[in-house]
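Below are the chains, spelled out letter by letter.
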Amino acid sequence: MSPFALFLARRVAFAVLLVLLVSSGSMWLVSLAPGDYATQLRGPGVSSATLERDRERLGLDRSIAEQYGDWLSGLVRLDLGTSLRFARPVRELVGMRACNTAILAATALFIATLIGLPLGVIAGSSSAAGLVSAIRGLSVFGMSLPPLLTSIVFAFFAARTGWFPIGGMTSLRAVDSGALAGLLDIGWHLVLPALALALPIAATLERLLARSMHETLQEPFILAALARGIPRRRVVWRHALRVAIRPVAGIYGVIVGGLLSGSFAVELVTAWPGLGRLMFDALISRDVQLVAGCAAVGSVFLACGNLLSDFALAAADPRLREE
Amino acid sequence: MRRRSEAVIGSKTSHAWRTIGQWINGTRQPMVRMRVCGVLAALAGLTLAAACGDPGRAVLTPSDGEGGALVGTIRGEPRTFNHLLAVENETLLFSRLTQASLVRINRTTDMVEPWLAGSWESEDDGRTHRLALRPDVTFSDGAPFTSADVLFTFEAVYDDAVGSPLADSLRFDGLPIEVTAPDDVTVVVRFPVPYSPGVRVLDSLPMLPKHLLEPALRAGTFRDAWDVTTAPTELAGLGPFALESYVPGQRLVFAKNPRYWRQDAGGVQLPYLDGITLEVVSDQNTEMLRLEAGEVDLISGGVRAEDFGGLARAAHDGKVQIHDLGVDLNADFLFFNLRPEAMADDPRRSWLQHRDWRLAVSHAVDRVSFANTVYLGLAQPIHGPITPGNGTWFTPELPKFEYDVQRADALLAGLGLIDRDGDGLREDATGSPVRFALLTHQGNSSRERATQVLQADLSQLGIGVDLVPTEFGTLIERITSMDFDAAYFGFLATDTDPAGNLDFWLSSGASHFWNPNQATPASDWEARVDALISEQLQVADLDRRVELFNEIQTTVAENQPLVYFAASRLSVATSTRLTNVEPSVLRPHVLWNADMLAVNPPQ
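The rules behind these values
- Residues numbered from 1 in each chain as written.
- Chains lettered and ligands numbered in written order.
- Predicted model: local features only at pLDDT ≥ 70, side-chain atom pairs only at ≥ 80, totals over all residues.
- Helix = DSSP H or I, 4+ residues; strand = E, 2+ residues; numbered from the N terminus.
- Contact = placed C-beta atoms within 7 Å.
- Buried ≥ 20, exposed ≤ 12 C-beta atoms within 10 Å, placed from the backbone.
- Pairing = 2+ DSSP bridges.
- Axes fitted to C-alpha atoms, helices over the stretch in contact; angles between N-to-C directions.
- Nonpolar A, V, L, I, M, F, W, Y, C, P; charged D, E, K, R; others polar.
- pLDDT = per-residue confidence, 0-100.
- Core = buried A, V, L, I, M, F, W, Y, C linked by C-beta atoms within 7 Å.
- Parallel < 35°, antiparallel > 145°, perpendicular 65-115°, else oblique.
- Left-handed = near helix turned anticlockwise from the far one by under 90°.

Some remarks on the overall build of chain B
Next up, step 1: Helix and strand counts for chain B stand at 17 helices and 25 strands.
Next up, step 2: Sequence-distant contacts in chain B: of pairs separated by 6 or more residues, those separated by 24 or more amount to 69%.

Next comes the structure, spelled out in structure tokens:
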């Protein structure tokens with residue numbers, strides 16, 4: 001096995017372990033928290049006999065270890081269990097929601113990359129002090145904006161102007177208007193939540209890349225390239241960027257994880273039908289297997305982000321492929 | 001001897017007329033005022049119908065034409081399409097739109113009116129009622145509705161394997177209602193004990209189609225039947241609408257049920273609306289913004305005090321109408337853990353479970369200031385569980401606990417609670433500081449504000465309060481397991497008639513929050529309340545029941561097991577294009593009469 005294949009195999013094994021640990025941990029934590037689905041279902045005014053009957057019917061009278069064992073044996077067969085709240089397989093419930101969250105997160109990441117990287121290159125390579133200061137100021141402002149706050153502000157903006165929908169993922173009128181109209185409608189609904197998520201990430205990417213680019217431009221190979229008469233723009237965008245991008249690529253995995261937690265807040269405010277809202281409702285109602293299922297899918301995102309980050313790093317740095 | 005049910009729709013309650021009065025007096029926005037004549041005519045018509053007595057032929061008419069669709073919001077998603085399995089707001093609303101019960105409580109008159117049962121006769125024993133089903137009623141899939149469906153529904157709700165949360169409210173002394181069907185259009189219901197509200201309790205039970213659900217009940221899979229992934233074509237109901245589509249996390253779309261059994265006075269088939277769409281919007285701020293922007297016609301709950309500013313602007317722009325429903329039926333309350341075993345080893349028990357302690361706390365809080373701070377002035381001070389919003393059962397004659405620091409101080413001193421070391425905090429006889437932990441619902445802004453006010457007011461008296469805002473699930477668990485010193489909480493009354501909330505009043509009740517599920521009454525006054533409740537359940541005469549219930553309220557107020565401070569005013573907001581709105585203090589506030597709602601066509 002080549003060193004690179006071994007490297008990938010190690011990373012994939014780590015990803016599987018991550019998913020298992022996160023979903024198991026969330027299941028244990030929710031099970032150990034005070035209250036269970038039966039108390040949620042009935043509310044405070046309920047007799048203990050009724051509660052006991054419900055617990056027996058729902059299988060909540062068994063020990064946590066026993067419930068976990070059942071769930072784990074199902075997980076081996078990729079069965080995430082059954083939601084107590086919806087009485088449906090968790091896999092069915094989280095599938096579509098995970099897709100919706102992925103659409104939101106991927107769009108936000110795309111926008112953040114599209115904004116953050118070029119600005120980072122400009123800020124890190126430009127000699128125009130005013131421009132660099134302006135970009136830095138904007139980035140610091142952008143980094144201080146939590147997605148929750150930004151999405152609330154955007155919702156007000158949409159309500160006042162009517163330019164964008166205030167929430168949701170699709171319009172009722174777009175339901176039967178064909179695939180293209182449907183896609184455009186989703187895109188129209190995506191703008192504000194994706195921007196709310198993307199702005200702080202774009203700012204982070206810009207700051208990281210600007211610093212890295214600034215340091216890279218001091219490297220001897222850059223000075224040599226410039227001395228050979230290669231145009232500065234080409235040196236910056238082709239030679240320096242390939243080196244400066246490495247630390248940025250390295251934190252993409254972390255960004256994807258942050259993107260997911262940020263998207264949970266944005267989904268609640270903008271009524272985006274994603275995993276965040278489903279998990280929030282599941283947590284409130286102590287729907288243990290649904291929480292674990294949502295956490296599992298969330299950790300899959302995180303693991304995928306880390307893997308992508310590793311691939312990107314390996315692509316950008318040949319030494320990693322050879323080690 | 002039998003009493004025939006007559007005039008089941010009474011006159012309009014004060015709420016509806018108060019709203020009209022506000023319109024006439026010009027306290028409403030101009031665009032709203034323009035609709036006064038139409039609404040007056042409509043309400044006059046409704047009163048006329050009351051005299052005629054059959055809601056099967058309603059008299060409100062759409063003001064500007066029929067048809068159209070309404071868009072509303074819901075905070076969460078229904079857990080199931082089967083109301084027998086869940087009672088949370090979304091499933092309840094789904095049921096109100098797609099299903100129907102034998103009788104209905106008219107939310108504006110608070111009277112029971114014939115619904116699927118066109119009439120009924122009641123025996124003098126206070127237990128037996130013979131209901132005549134309307135003929136020629138069919139489910140939305142075309143199958144006829146008969147007494148067999150009624151029997152099936154009762155069988156399902158009482159089935160232990162189903163574990164319906166509705167079953168407890170349909171059991172009396174732990175026993176089910178006995179239901180028989182002499183023929184296809186007659187049902188006899190017999191309560192195990194005399195029950196004065198009679199068939200009123202049947203409002204909460206939707207009739208289910210036996211032809212669709214019986215196989216699941218027999219196979220023991222009823223709990224899986226009609227889950228949220230069930231195709232709309234596999235559902236059928238007797239309500240005004242039928243589910244057309246459900247997009248998880250996004251919306252439920254309902255279409256008019258063409259086989260709905262009601263017509264208006266002019267013979268027009270109800271419902272007026274062609275459809276209803278309910279958008280899922282979890283966040284209350286977003287919900288409000290969508291209403292203000294005209295994206296939706298109504299929101300799921302009442303208007304919060306902090307939302308009135310934005311809504312007033314939208315009302316001024318003619319986008320929104322605000323309906324003031326008066327004082328809410330439900331009010332939050334402070335209660336202490338009065339279960340002796342729960343505090344058996346706690347040295348504070350001698351004073352924390354003492355009546356004088358509760359009276360002192362009640363006197364220590366300025367209720368007017370409380371209403372102004374917690375509800376931004378949109379509330380009324382109260383002294384007992386029944387608020388002025390409950391016209392029939394409220395009494396202003398309860399003992400009052402006015403703000404009186406001297407009296408509170410004297411009561412605390414009488415318990416030996418005085419500031420012994422001059423640090424501003426009282427100590428009991430053992431020298432332990434007088435302080436307790438107060439649980440409340442984290443994230444509920446009014447409850448959090450209320451506990452802060454209580455903490456401030458009680459600290460003036462030298463009482464330490466440790467606030468413990470608690471996540472809802474944990475809060476429920478701690479209250480249910482009696483693991484608390486005190487809690488500030490509330491619950492939703494399911495009916496205006498106190499007999500609908502027996503669990504709250506009876507010492508054996510599970511909702512007797514301060515000391516639930518007592519085997520025998522823990523105190524003389526609770527035994528007295530139990531006896532009075534039992535007596536009023538056997539009395540048919542409403543005036544006598546009210547008299548008895550006033551005595552119950554007085555007894556409870558004298559002992560302050562629950563300390564009430566203020567009841568908020570309840571308002572709901574709808575778009576101005578929505579007509580025939582008759583909002584109710586009971587949920588669902590607007591969609592309870594969805595079949596009568598109409599929308600104005602775009603101008």
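Let's talk about the overall build of chain A
Next up, step 1: Broken down by element type, chain A carries 14 helices and zero strands.
Next up, step 2: Secondary structure elements of chain A, listed N to C terminal, follow the sequence α-α-α-α-α-α-α-α-α-α-α-α-α-α.
Next up, step 3: Overall, chain A is about 85 × 60 × 40 Å in size when its C-alpha atoms are taken along their principal axes.
Next up, step 4: Buried residues in chain A amount to 44% of all 323 residues.
Next up, step 5: In chain A, of all internal contacts separated by at least 6 residues, the share reaching a separation of at least 24 is 74%.

Some remarks on the sheet that holds strand E13 (residues 251–256) of chain B
Picture the strands of a sheet paired through backbone hydrogen bonds; they go either parallel or antiparallel.
All names here are of chain B.
Next up, step 1: The strand order E3-E15-E13-E12 describes an open sheet built from four strands, whose pairing is mixed. This sheet does not close on itself; its edge strands, each paired only once, are strand E3 (69–74) and strand E12 (241–247). Taking the axes of each pair of neighbouring strands and ignoring which way they run, one obtains an average angle of 20° across the sheet.
Next up, step 2: Judged from the five bridges that link them, E13 and strand E15 (residues 275–280) form a sheet pairing that is antiparallel.

Re the interface of chain B and chain A
Next up, step 1: Taken together, the contact between chain B and chain A spans 42 residues of the former and 44 residues of the latter.
Next up, step 2: The set of elements that each furnish at least two residues to the side of chain B that touches chain A consists of E15, helix H7 (284–292) and helix H14 (472–480) of chain B.
Next up, step 3: Here the side of chain B that touches chain A is composed, by residue class, of 13 nonpolar, 15 polar and 14 charged.

As for the confidence of the model for chain B
Residues and elements named next belong to chain B.
Next up, step 1: Residues at a pLDDT of 70 or more form 89% of chain B, whose mean pLDDT is 85.
Next up, step 2: Segment residues 1–53 is flagged for pLDDT under 50; beyond a separation of four residues in sequence, or across chains, it makes 79 contacts in the model.
Next up, step 3: As scored by the predictor, the complex reaches a pTM of 0.79 and an ipTM of 0.73.

Observations regarding the nonpolar core
Next up, step 1: Of all hydrophobic cores here, the largest spans 174 residues; its most connected members are Ala 108, Ala 198, Val 291 and Cys 294 of chain A together with Leu 116 of chain B.
Next up, step 2: With 16 residues, helix H8 (residues 179–216) of chain A is the largest single contributor of residues to this core.
Next up, step 3: With near-sequence residues (within four places) excluded, Ala 108 of chain A lies in contact with Ala 194, Leu 197, Ala 198, Ile 201 and Leu 259 of chain A.
Next up, step 4: Within the second largest apolar cluster, 52 residues are counted, among which are Trp 357, Leu 438, Leu 454 and Tyr 564 of chain B.

Re the sheet that holds strand E23 (residues 566–575) of chain B
Residue and element names in this part refer to chain B.
Next up, step 1: Taken in spatial order, the three strands line up as E16-E23-E18 in an open sheet, and their pairing is antiparallel. With one partner strand each, in any of the chains shown, strand E16 (320–327) and strand E18 (379–381) form the two edges of the open sheet. Here the average twist between neighbouring strands, direction ignored, is 20°.
Next up, step 2: Sheet analysis places E16 next to E23, joined by six bridges and oriented antiparallel. Looking across to E23, one finds that Gln 321 is bridged to Thr 574.
Next up, step 3: Contacts from helix H8 (residues 308–316) reach E16 and E23, with the element oriented near 130° to E16.

Focus: the pairing of strand E11 (residues 186–190) of chain B
On any regular strand, side chains alternate: one points to one face of the sheet, the next to the other face.
Residues and elements named next belong to chain B.
Next up, step 1: Alternating positions in E11 separate cleanly, Val 187 and Val 189 being buried on one face and Thr 186, Val 188 and Arg 190 remaining unburied on the opposite face.
Next up, step 2: As paired strands, strand E7 (residues 128–133) and E11 are joined by five bridges and run antiparallel to one another. Each residue of the ladder has a partner; that of Leu 131, found in E11, is Val 187.
Next up, step 3: Note: strand E10 (residues 178–183) against E11, four bridges, orientation antiparallel. The residue bridging Val 179 from the neighbouring strand is Val 189, located in E11.
Next up, step 4: Hairpin connection between E10 and E11: a loop of two residues separates the two successive antiparallel strands.

Observations concerning unusual backbone geometry
All names here are of chain B.
Next up, step 1: Backbone torsion omega between Leu 270 and Pro 271 reads 0°, so that peptide bond is classified as cis.
Next up, step 2: The topology assignment puts Pro 271 in the loop between strand E14 (263–264) and E15.
Next up, step 3: Cis geometry marks the peptide bond from Arg 587 to Pro 588, where omega comes out at -10°.
Next up, step 4: Here Pro 588 lies in the loop between strand E24 (578–579) and strand E25 (598–599).
Next up, step 5: Phi at Asp 110 takes a positive value of approximately 65°, unusual for a residue other than glycine.
Next up, step 6: When you line up the elements, Asp 110 lands in the loop between strand E4 (103–105) and strand E5 (112–114).
Next up, step 7: Taking the C-beta count within 10 Å as the criterion, Asp 110 has 21 such neighbours and is therefore assigned buried.

Some details on the packing of helix H1 (residues 3–32) of chain A against helix H4 (residues 64–76) of chain A
All names here are of chain A.
Next up, step 1: One can describe the packing of H1 onto H4 by two numbers: an axis separation of 11 Å at closest approach and a directional angle of 150°. Here H1 is positioned roughly antiparallel relative to H4, judged by the angle of their axes. As H1 runs across H4, the sense of the crossing is right-handed. Judged by residue contacts, Met 27, Trp 28 and Ser 31 of H1 engage Ile 64, Gln 67, Tyr 68 and Trp 71 from H4.
Next up, step 2: Its residues assigned to classes, the contact of H1 with H4 comprises five nonpolar, two polar and no charged.

A short note on the packing of helix H7 (residues 147–161) of chain A against H8 of chain A
Residues and elements named next belong to chain A.
Next up, step 1: For the pair H7 and H8, interaxial distance at closest approach is 9 Å and the crossing angle is 145°. In this structure, H7 meets H8 at a crossing whose hand is right-handed. Two secondary-structure elements touch here, H7 through Pro 147, Thr 150, Ser 151, Phe 154 and Ala 158 and H8 through Leu 192, Pro 193, Leu 195, Ala 196, Leu 197, Leu 199 and Pro 200.

Quick notes on the environment of Val 320 of chain B
Next up, step 1: Relative to the elements of secondary structure, Val 320 of chain B occurs in strand E16.
Next up, step 2: Apart from residues no more than four positions distant in its own chain, Val 320 of chain B is found in contact with Leu 291, Glu 292, Leu 311, Ala 314, Ala 315, Ala 573, Ser 575 and Thr 576 of chain B.

Topic: helix H12 (residues 275–284) of chain A
Residue and element names in this part refer to chain A.
Next up, step 1: Within H12, eight of the ten residues are buried, which leaves the element mostly enclosed by the surrounding structure.
Next up, step 2: Regarding H12, the residues found buried are Leu 275, Gly 276, Arg 277, Leu 278, Met 279, Asp 281, Ala 282 and Leu 283.
Next up, step 3: Immediately beyond the C-terminal end of H12, within one or two residues, lies Arg 286, with a positive phi of roughly 60°.

Some thoughts on H7 of chain B
Residues and elements named next belong to chain B.
Next up, step 1: With respect to burial, H7 is a largely interior element, seven of its nine residues being buried.
Next up, step 2: Thr 286, Glu 287, Met 288, Leu 289, Arg 290, Leu 291 and Glu 292 are the residues of H7 that are buried.
Next up, step 3: Gly 294, located one to two residues past H7, shows a positive phi value of around 80°.

Description of the environment of Leu 458 of chain B
Residue and element names in this part refer to chain B.
Next up, step 1: With respect to the secondary-structure elements, Leu 458 resides in helix H13 (residues 445–460).
Next up, step 2: Taking the C-beta count within 10 Å as the criterion, Leu 458 has 21 such neighbours and is therefore assigned buried.
Next up, step 3: Each C-alpha atom of the pair Leu 458 and Val 405 lies 9.9 Å from the other, and the pair is 53 residues apart in sequence.
Next up, step 4: Once you skip the residues sitting within four places of it in the chain, Leu 458 turns out to touch Val 361, Ala 364, Ile 463 and Val 465.

Some remarks on the environment of Arg 223 of chain B
Next up, step 1: In this fold, Arg 223 of chain B is placed in the loop between helix H6 (210–219) and E12.
Next up, step 2: Take Arg 223 of chain B: there are 21 C-beta atoms within 10 Å of it, and that puts it in the buried class.
Next up, step 3: Separated by 143 residues in sequence, Arg 223 of chain B and Thr 80 of chain B have C-alpha atoms that sit 9.3 Å apart.
Next up, step 4: Residue contacts for Arg 223 of chain B: discarding those within four places in its chain leaves Ala 87 of chain A together with Leu 85 and Val 162 of chain B.

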